[in-house]
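Fold and geometry: a report
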Amino acid sequence: MRSLHQARALCESYLPGLLDGLSKVPFAQREASGGDTLPVFRASGGPSLVIPKDYGGLGAGPLDAVRVTRAIGAHAPSLAVATTMHHFSVATLFTFAESIKNSGMEWALLEAITSRNLLVSSGFAEGRPAQGILSPTMTATPVDGGYRINGSKKPCSLSHSMDLLTASVAVPAPDGGQQTAFLLMPATLRGVTRHPFWGSNVLAGAESDEVRLTDVFIEEELVIPTENGPDGMLDELQTVGFIWFELLITASYLGMASALVERALAAGRGAISDRAALGTRLETATQLLEGAARAMRDGDTDNDALARVLMARYGAQDAITDAARQAVEMLGGMSFIRSPEVAYLVAACQCVAFHPPSRASVAAPLVDYLDGTGPFIMADGTPASAVQPPSAAPAAQPPSAQPPSAQPPVAPPVEASGPVPAPEPAQAAAPVAGPEPVRATPVAAPGPRPQAVTYAPQPAAPRAEQRSGVTADDAADWDQASSLFDGAEGIRLTAGECDLRYWFANVPQRTLRGNVVGYPPELVTPDFLHEPGPLRDALVQEVAFRALAEERAARAIGHLVACAPDSTTAEFYATQLMDETRHSMIFRNHLRNLGVDENDVAAVIAEQTATDKATILDPLEELGMPIVREQQDFVGGVVLLTILVEGFLAPSFELSERKWRPIDPRMADMEKGAAIDEVRHLAVGTSIIREHLSRHPEERDRLVELIRAGMRLWEQLPVADQLTRWENWFQEGIAPHRAMIGDYQIWDGRRLVDTSPEERIQKAVEVTSIVHSTRLTDMGLGRALIF
């Protein structure tokens, strides 16, 4: 097909390698939940497609964006639908870039979309019977420094892969009423959770599950109030957003129908006149969409333009479904039977009708516009009778109307996510040994290395808060303390609660249980850990790095004690200095347990950590030490220590404790005790910053930028290489000991022997993301999550 070939060529010019990369993924996998299309989309630069070149994007205008989306829809329907949500959101934001800058919204979040290839999901109002599509279902309650957001969006495309979430919320208006506001926030904020919702295999790859916001705190810089224009017309921000959405979502289905028509024309079946009619019917949709896109490109973006775009969408919608039906009929029954892709595409094409607004909901304002009796006004009160029931979905899907090898649909496809979804169907249920000299270990892991997992602050939704019911004494108790893997990231402790009296009363007996070296005397180091091999290599290098890292942290904390503004914070950081120094001591001691002569410990640490010291610890020290040593910036030092050092390293301590527990109980006990300390350090550091910002809100922007600088540095450090190296050695080393490890679970429901290096690293990354989102939100610095 000529127009489809042109669309593909244009897609290749904007997003090189995207279509080839998608073609390498089997169709069933492309369309399945959790498929592999989004990484291909990111790698090709897809998130920047419609962002203007002036802001670092690829600069595709409406016409080119429609054509590129059509090409994607022909290859990967779910990806086209999912990324439409991203494109229309960012296109709207960047159309009003200068106004958004002037509004006070956090501009760095928009910059990060292009610089880091971030994905933006749309959480706009949910369509329900008798509720307008512009009525927000999320509410914003004003609190000190921002808003507390509650509500949900279902379905919400990109629910699991989004980095940022846009949404409309109801906020208090100056006149005492309510007004709609637009928000943009990191998707990793605490209280943002995902829940199963999409029950159909059709378009399952769009990740259209439910996203809930429960007491999510966002800063006021992330909210833009919007208003209705004259006579209730949408303001310009919302109007442009709707136009982008209608164009791109319809183009997605145009691509799906194009794939069917291309097959039919290539098959050469039917009369030549029928084939010509089929192509003409499809091109009707193409011309309608491209004409509307040209008008938008030329500046036609007012309320009347929205009316014309909706009429083009409805006309294209009819042409798309007609062409899909005719193409399948022309291909014949055997093609339908033998090609699951044909059945899937024709079923997917029907979903074009389920995106808002429905024809019935805008019929009256369209008639007013057409006969000239009034302006086109997008109604904010959709009559219940105008809403299509779930039965309007293609209920008679054949079993083959799904991706190849997929299970039959368990529910008819509901409306895919848009600025507002269609009426919801019934909700899916929510898931309720003698000394051995240590040999220097090479940096590269033996054998094939799994792909390194890089830190990204988006892979898991934060848990609910875990603040209540945890006392300071419990947080120090060996048996009562919660771990970060089990929800301790939300514990709140203050410097006043954790002073010297607290430390002497709790840590030696309740955390250490009188065990100065971190473990009771009855625990032993197994003989096999004294034998050369990958398991010993992994342990020796990890212990050596821990010893050095803790010593370096202790030296930095000494400067915090020196510049502490009062005796309360000085006392707390004196106790943390003691903790970190003790951690270093017990790890040095464990090298002796592993057969290293006492006189050789320092040399072994230097040898084992040479590469990681130069590439990880030295850059961190170069960033942080001038802040606490030369500048004596106590608050800046606390922020970097809490987020950049403790926030990243504490989850790795807990992973280490869990994986070594059945192999080296001494190491596991040492790591557990250290992790209990680190949870306390995280909690108190957070409270110090929170209290400081309550007194000095003018410091917020400075601290956000300081955190972002640290996060950008951390992202460049080869921490993933280090963890991959350790986990790869560990994986190889436990192979002879699988029977001994047995059914031991590293976390609930997962046996250690069944895990891979990538899975263990990913778990640490997920917990790190939770810790960061929790602590930064609690500090009132949640926008620093995007950097």
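What counts, and where the lines are drawn
- Residues numbered from 1 in each chain as written.
- Predicted model: local features only at pLDDT ≥ 70, side-chain atom pairs only at ≥ 80, totals over all residues.
- Heavy atoms only, no water.
- Helix = DSSP H or I, 4+ residues; strand = E, 2+ residues; numbered from the N terminus.
- Areas by Shrake-Rupley, 256 points an atom, 1.4 Å probe, with all protein chains shown as cover.
- Buried < 20%, exposed > 50% of the residue type's maximum accessible area, 1.4 Å probe, protein only.
- Contact = heavy atoms within 4.5 Å.
- Core = buried A, V, L, I, M, F, W, Y, C linked by side-chain atoms within 4.5 Å.
- Expected span 1.5 Å × (residues − 1).
- Polar contact = N/O pair within 3.5 Å; in protein donor to acceptor, adjacent residues only side chain to side chain.
- Salt bridge = Lys/Arg side-chain N within 4 Å of Asp/Glu carboxyl O.
- Axes fitted to C-alpha atoms, helices over the stretch in contact; angles between N-to-C directions.
- Parallel < 35°, antiparallel > 145°, perpendicular 65-115°, else oblique.
- Left-handed = near helix turned anticlockwise from the far one by under 90°.
- Pairing = 2+ DSSP bridges.
- Phe/Tyr/Trp six-rings, centres within 6.5 Å; stacked < 30°, edge-to-face > 60°.
- pLDDT = per-residue confidence, 0-100.
- Nonpolar A, V, L, I, M, F, W, Y, C, P; charged D, E, K, R; others polar.

**A word on the overall build of the chain**
Regarding its fold elements, the chain presents 25 helices and ten strands. Split by element, the accessible area of the chain, about 28,500 Å² in all, is 53% carbon and sulfur.

**Observations regarding helix 13 (residues 340-349)**
Along helix 13, eight of the ten residues are buried, which leaves the element largely enclosed by surrounding structure. Those residues of helix 13 not exposed but buried are Val342, Ala343, Tyr344, Leu345, Val346, Ala347, Ala348 and Cys349. Contact partners of the buried residues in helix 13: helix 3 (27-31), helix 6 (77-95), helix 9 (236-267), helix 11 (303-331) and helix 12 (333-338).

**Some points on the nonpolar core**
Formed by 226 residues in total, the largest nonpolar core has its most connected members in Ile149, Met185, Leu203 and Ile218. Here this core gets 18 residues from one element, more than from any other, and that element is helix 9. Contacts of Leu203, omitting those with residues within four sequence positions, involve Glu31, Pro77, Ser78, Val81, Trp198, Tyr253, Met256, Tyr344, Ala348 and Cys351.

**A few points about helix 18 (residues 567-593)**
End to end, helix 18 covers 39 Å across 27 residues, agreeing with the expected 39 Å (1.5 Å per residue, within 8%). With a side-chain oxygen positioned 3.2 Å from the backbone nitrogen of Thr568, the residue opening helix 18 is Asp566.

**Structural notes on the environment of Ala312**
Position of Ala312 relative to the elements: it lies in helix 11. C-alpha of Ala312 to C-alpha of Gly291: the two residues are 21 residues apart in sequence and 8.5 Å apart in space. Residues within four places of Ala312 in sequence aside, it is in contact with Leu288 and Ala292.

**As for the pattern of salt bridges**
Two side chains with opposite charge may pair up if their charged atoms get near one another. Scanning the entire structure with this criterion turns up 43 salt bridges. In this structure, Arg212 and Glu210 form a salt bridge, with 3.0 Å as the shortest nitrogen-oxygen distance. When its relative accessible area of 25% is taken as the criterion, Arg212 is described as partly exposed. For Glu699, the salt bridge goes to Arg702, with nearest N and O atoms at 2.9 Å. Given the relative accessible area of 19%, Glu699 is considered buried. Taken together, the shared-partner salt bridges connect Glu542, Arg546, Lys659, Glu671, Glu727 and Arg760 into one network.

**Brief notes about the packing of helix 10 (residues 272-297) against helix 11**
For the pair helix 10 and helix 11, interaxial distance at closest approach is 8 Å and the crossing angle is 155 degrees. Considering their axes alone, helix 10 and helix 11 lie roughly antiparallel with respect to each other. For the crossing formed where helix 10 meets helix 11, the hand is left-handed. Contacts between helix 10 and helix 11 involve Asp274, Arg275, Leu278, Arg281, Leu282, Thr284, Ala285, Leu288, Leu289 and Ala292 from the former and Val309, Ala312, Gly315, Ala316, Asp318, Ala319, Ile320, Asp322, Ala323, Gln326, Ala327 and Met330 from the latter.

**Points about the pairing of strand 4 (residues 164-172)**
Working note: regular strand, side chains alternate between the two faces of the sheet. Across the nine residues that make up strand 4, a large majority, eight, are buried. Summarising the sheet, strand 1 (residues 120-123) and strand 4 pair through four bridges and their orientation is parallel. Looking across to strand 4, one finds that Ser122 is bridged to Thr166. Of the strand pairs in this sheet, strand 2 (residues 138-143) and strand 4 are connected by two bridges, and their pairing is parallel. Along strand 4, the bridge assignment pairs Thr139 with Ala170. As judged from the nine bridges shared by strand 4 and strand 5 (residues 178-186), these two strands associate in the antiparallel manner.

**A few points about the packing of aromatic side chains**
Applying the stated rule across the entire model yields eight aromatic pairs. Between Tyr55 and Phe94, the aromatic rings sit 5.6 Å apart at their centres with planes inclined by 50 degrees, giving tilted as the arrangement. Taken together, the residues Tyr55 in the loop between helix 4 (37-43) and helix 5 (62-75) and Phe94 in helix 6 connect sequence positions 39 residues apart. On the basis of relative accessible area, Tyr55 is assigned to the partly exposed category, the value being 23%.

**Considerations on the confidence of the model for the chain**
Mean pLDDT for the chain: 83, with 83% of residues reaching 70 or above. Low pLDDT, under 50, characterises residues 229-234; the predicted model gives this stretch 18 contacts beyond four residues in sequence or across chains. Throughout residues 380-468 the model reports pLDDT below 50, and contacts reaching past four residues in sequence, or to other chains, amount to 260 contacts.

**Concerning unusual backbone geometry**
Cis geometry is found at the peptide bond from Lys154 to Pro155, where omega equals -5 degrees. Its place among the elements puts Pro155 in strand 3 (residues 146-156). Following Pro356, the chain continues into Pro357 via a peptide bond in cis, with omega recorded as -5 degrees. Positive phi, close to 55 degrees, is recorded for Asn117, a residue that is not glycine. Residue placement: Asn117 occurs in the loop between helix 8 (107-115) and strand 1. The backbone phi angle of Glu207 is positive, close to 60 degrees, even though this residue is not glycine. With respect to the secondary-structure elements, Glu207 resides in the loop between strand 6 (192-195) and strand 7 (209-219). Accessibility expressed as a relative area gives 8% for Glu207, which makes it buried.

**Digging into the side chain of Asn593**
Assignment of secondary structure puts Asn593 in helix 18. A polar contact of 2.9 Å, which involves the side chain of Asn593, links it to the side chain of His590. For Asn593, the residues in contact, after removing those within four places along its chain, are Tyr519, Thr525, His530 and Arg666.

**Here's the deal with the packing of helix 1 (residues 2-14) against helix 5**
The contact between helix 1 and helix 5 brings their axes to 8 Å, and the two run at 105 degrees. If you check the angle between helix 1 and helix 5, you find them roughly perpendicular. In this structure, helix 1 uses Ser3, Leu4, Ala7, Arg8, Leu10, Cys11 and Tyr14 to contact helix 5, whose residues at the interface are Asp64, Arg67, Val68, Arg70, Ala71, Ile72, Ala74 and His75. In terms of residue class, the contact of helix 1 with helix 5 is made up of nine nonpolar, two polar and four charged.

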